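Take a look at the letters that make up each chain.
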Amino acid sequence: MKIKKISKRGAYHAAEKEENQDAVYFGSNKDFYVISLTDGVSACKKAKEGAETAGRAITDLFLKAGKLFFELDEKKAAEIILAHILYEQKICADKAGENLNEYSCTAACVVFDRKKNKILCFNLGDGMIMAAGRGSCRVVCPPSDSSSGCCVTTTENAAEMVSVRVYDAALIDSVVICSDGAWEVMFEKNCRLKEEADSLLINSEYDKLGDFLTEQNSFDDYSFISLDMRRKKRRRSA
């Protein structure tokens, strides 16, 4: 397995001398590999801390109880995962004497079950999860509908906007989670992936994808974290 991550300030936060409010985390044990990406709401005072808290919470949760979420229906899984994130964010808010809303963020996570060869994707907000394999790349967890505003951890009834999906990993070489600042510059206006980005994803060239994103001079913070599973498949076929 190989994990690649990048997280950098966009042009806006650089100009305003503000910190990058994205957070990326990963972890593994004998059963699971977990990658996560969270994006703090810029208007919130504790945006960065909220994103970091959510990222650690969701990563640790799946490492400890990943098996449970593969067995639950999507609605129940979404409710439990979101409740855990909010619980951890509220602990931080209470300690700081802040309103929980100040810790609002989006959250996305991918869990790879090493034994069952399946992946579970969780997505709340405007992040995007893509998978590459067999010479193509596809979106497996799109951003949620933001026509009424981006859904975040503290949004009322946010669990109803969460996307939880399980896929067989047999035909998947790699998965990648992208923040909105990353995926928005990877697509043309006609909603098709730019040719260069498509090629990099299909070939799991995530080092070069980081360079590509930097060249796009994204207005927003841009981050991604990927899990390359090709080594697993080579070992099994050896």
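None of the values given here were measured: they were computed from a predicted structure. (Residues numbered from 1 in each chain as written. Predicted model: local features only at pLDDT ≥ 70, side-chain atom pairs only at ≥ 80, totals over all residues. Heavy atoms only, no water.)

Caption draft 1: Spatial organisation of the overall build of the protein. Each helix and strand in the protein was counted, giving seven helices and 10 strands. A compact globule built from 238 residues should have a C-alpha radius of gyration of about 18 Å, and the protein, at 17 Å, falls within 12% of that. Each of the three principal axes of the protein carries a C-alpha extent, and together these read 55 × 40 × 30 Å. Considering the protein as a whole, with its 238 residues, one finds that 50% of them fall into the buried category. A separation threshold of at least 6 residues defines the contact pool for the protein, and within that pool the share at least 24 residues apart is 70%. Carbon and sulfur atoms make up 46% of the accessible area of the protein, which amounts to about 11500 Å² in all. If the 35 positive side-chain charges of the protein are averaged to one point and the 37 negative ones to another, these points end up 8 Å apart. (Helix = DSSP H or I, 4+ residues; strand = E, 2+ residues; numbered from the N terminus. Rg over C-alpha atoms; globule rule 2.2 N^0.38 Å. Buried < 20%, exposed > 50% of the residue type's maximum accessible area, 1.4 Å probe, protein only. Contact = heavy atoms within 4.5 Å. Areas by Shrake-Rupley, 256 points an atom, 1.4 Å probe, with all protein chains shown as cover. Lys, Arg positive; Asp, Glu negative; His and termini not counted. Charge placed at Lys NZ, Arg CZ, Asp CG, Glu CD.)

Caption draft 2: Spotlight on the environment of Tyr-25. For Tyr-25, the position within the fold is in strand 2 (residues 22–28). The class for Tyr-25 is partly exposed, based on a relative accessible area of 22%. Separated by 111 residues in the primary sequence, Tyr-25 and Ser-136 have C-alpha atoms spaced 26 Å apart. Beyond its immediate sequence surroundings of up to four residues, Tyr-25 is in contact with Val-34, Ile-35, Ser-36, Glu-52, Gly-55, Arg-56, Thr-59 and Ile-225.

Caption draft 3: Layout of the pairing of strand 7 (residues 136–141). The pairing of strand 6 (residues 128–133) with strand 7 spans five bridges and is classified as antiparallel. Across the sheet, the residue bridging to Ile-129 is Cys-141, located in strand 7. Where strand 6 hands over to strand 7, the hairpin turn is made up of two residues, of which Arg-134 adopts a positive phi near 55°. (Pairing = 2+ DSSP bridges.)

Caption draft 4: Region of the structure containing a negative patch on the surface. Where like charges cluster on the molecular surface, the negative patch consists of Glu-195, Glu-196, Asp-211 and Glu-215. Secondary structure elements with two or more residues in the negative patch: helix 5 (195–202) and helix 6 (206–215). On the secondary structure map, Asp-211 appears in helix 6. (Patch = residues over 30% accessible without salt bridge, like charges linked within 9 Å, V, L, I, M, F, W, Y side chains within 5 Å. Salt bridge = Lys/Arg side-chain N within 4 Å of Asp/Glu carboxyl O.)

Caption draft 5: Looking closely at the sheet that holds strand 5 (residues 118–124). The five strands lie next to each other as 2-3-4-5-8, forming an open sheet whose pairing is antiparallel. Each of the sheet's edge strands pairs with one partner strand only, and the pair in question is strand 2 and strand 8 (163–168). Across the sheet, the mean angle separating the axes of adjacent strands is 10° when strand polarity is ignored. The pairing of strand 4 (residues 105–113) with strand 5 spans seven bridges and is classified as antiparallel. Across the sheet, residue Phe-112 finds its bridge partner in strand 5, namely Ile-119. Against the sheet, helix 2 (residues 47–71) engages strand 2, strand 3 (32–40), strand 4, strand 5 and strand 8, with an angle of about 155° to strand 3. Against the sheet, helix 3 (residues 74–96) contacts strand 4, strand 5 and strand 8, and its axis sits at roughly 120° relative to strand 8. (Axes fitted to C-alpha atoms, helices over the stretch in contact; angles between N-to-C directions.)

Caption draft 6: Structural detail: the pattern of salt bridges. By the definition in use, this model includes eight salt bridges. One salt bridge connects Lys-46 with Glu-49, and the closest N-O pair in it is separated by 3.9 Å. Exposure remark for Glu-49: the relative accessible area of 31% places this residue in the partly exposed category. One salt-bridge network, in which partners are shared between bridges, spans Lys-30, Asp-31 and Lys-115.

Caption draft 7: Summary view of the sheet that holds strand 9 (residues 174–178). Across the sheet, five strands lie side by side as 1-10-9-6-7; this open sheet has antiparallel pairing. Of all strands in the sheet, those with a lone pairing partner are strand 1 (2–8) and strand 7, marking the two edges. Strand-to-strand twist across the sheet, computed as the mean angle between neighbouring axes with direction ignored, equals 20°. Strand direction decides the pairing type here: strand 6 and strand 9, joined by five bridges, are antiparallel. By the bridge assignment for strand 9, Met-128 is matched with Cys-178.

Geometry only, nothing functional implied.
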